[in-house]
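For reference, the chains in residue letters:
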Amino acid sequence: NAGVTQTPKFQVLKTGQSMTLQCAQDMNHNSMYWYRQDPGMGLRLIYYSASEGTTDKGEVPNGYNVSRLNKREFSLRLESAAPSQTSVYFCASSVLQGGQPQHFGDGTRLSIL
Amino acid sequence: KNEVEQSPQNLTAQEGEFITINCSYSVGISALHWLQQHPGGGIVSLFMLSSGKKKHGRLIATINIQEKHSSLHITASHPRDSAVYICAVRRFGNEKLTFGTGTRLTIIP
């Protein structure tokens, strides 16, 4: 029962480096999401994909890009990492967009020095 | 002011106590979610509500749409219930969720 798998679990980057956070789900869900979680703030949506082949901006998309590679995989890319992007990143998926319970990965703890 | 406010921010109780966590929101919603974030960081969906009350084991979630308020209750609390509990709402006409900042619950044996 893998559910939603995120890699890596931890990463330290230097300012200006790039990296891609990977997310895969094995529940045949249509919708996938990327969130960031910062101290004292609720989860904030970065990007989402309502279905394979579509992506849309969320609340805090600046500095990020995404790719919905196929129905299973949804990756998040930081092209030029900044200290303000230090956060815990969660990927989630749901059967359909809108109101359905979301299933979350275990998170990626990312530090930008 | 945040659209979703939770109270209290932190709650410490003795094992066996009845726990209530509150969530108030300021917008019209079509659904409200309660989630649990374990100390290790994983997030699990507990309930999705649009009206009334739902129960799962020792957990009970209620919602009052007119008052824009929801509560999560835990009966016979146990140390394994220690976690952060998060409320999230889906606004009418918006497919995305807006999250509260969470309530950190600690149950002492």
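Definitions and limits used
Residues numbered from 1 in each chain as written. Chains lettered and ligands numbered in written order. Predicted model: local features only at pLDDT ≥ 70, side-chain atom pairs only at ≥ 80, totals over all residues. Heavy atoms only, no water. Buried < 20%, exposed > 50% of the residue type's maximum accessible area, 1.4 Å probe, protein only. Helix = DSSP H or I, 4+ residues; strand = E, 2+ residues; numbered from the N terminus. Pairing = 2+ DSSP bridges. Axes fitted to C-alpha atoms, helices over the stretch in contact; angles between N-to-C directions.

Here's the deal with the pairing of strand β4 (residues 31–37) of chain A
Residue and element names in this part refer to chain A.
Thought 1: Among the seven residues that make up β4, seven are buried, leaving the element largely enclosed by the rest of the structure.
Thought 2: Summarising the sheet, β4 and strand β9 (residues 87–94) pair through seven bridges and their orientation is antiparallel. Within β9, the residue paired with Arg36 across the bridge is Tyr89.
Thought 3: Pairing of β4 with strand β5 (residues 44–49) involves five bridges; the strand directions are antiparallel. Bridge assignment links Tyr33 to a residue of β5, and that residue is Tyr48.
Thought 4: Remark: six residues form the turn of the hairpin made by β4 and β5, two consecutive strands paired antiparallel; Gly40 in that turn has positive phi of roughly 75°.

So, the environment of B:His73
All names here are of chain B.
Thought 1: Considering the arrangement of structural elements, one finds His73 in strand β8 (residues 69–74).
Thought 2: What makes His73 buried here is its relative accessible area of 17%.
Thought 3: Separated by eleven residues in the primary sequence, His73 and Thr62 have C-alpha atoms spaced 8.4 Å apart.

Digging into the sheet that holds strand β8 (residues 74–78) of chain A
All names here are of chain A.
Thought 1: Strand order in the open sheet formed by four strands is β1-β3-β8-β7, and the pairing between neighbours is antiparallel. In this open sheet, the two strands that pair with only one neighbour each are β1 (4–7) and β7 (64–68). Recorded for the sheet is a direction-independent mean angle of 15° between the axes of neighbouring strands.
Thought 2: As paired elements, β1 and strand β3 (residues 19–25) share four bridges and run antiparallel to each other. Within the sheet, the bridge partner assigned to Thr5 lies in β3 and is Ala24.

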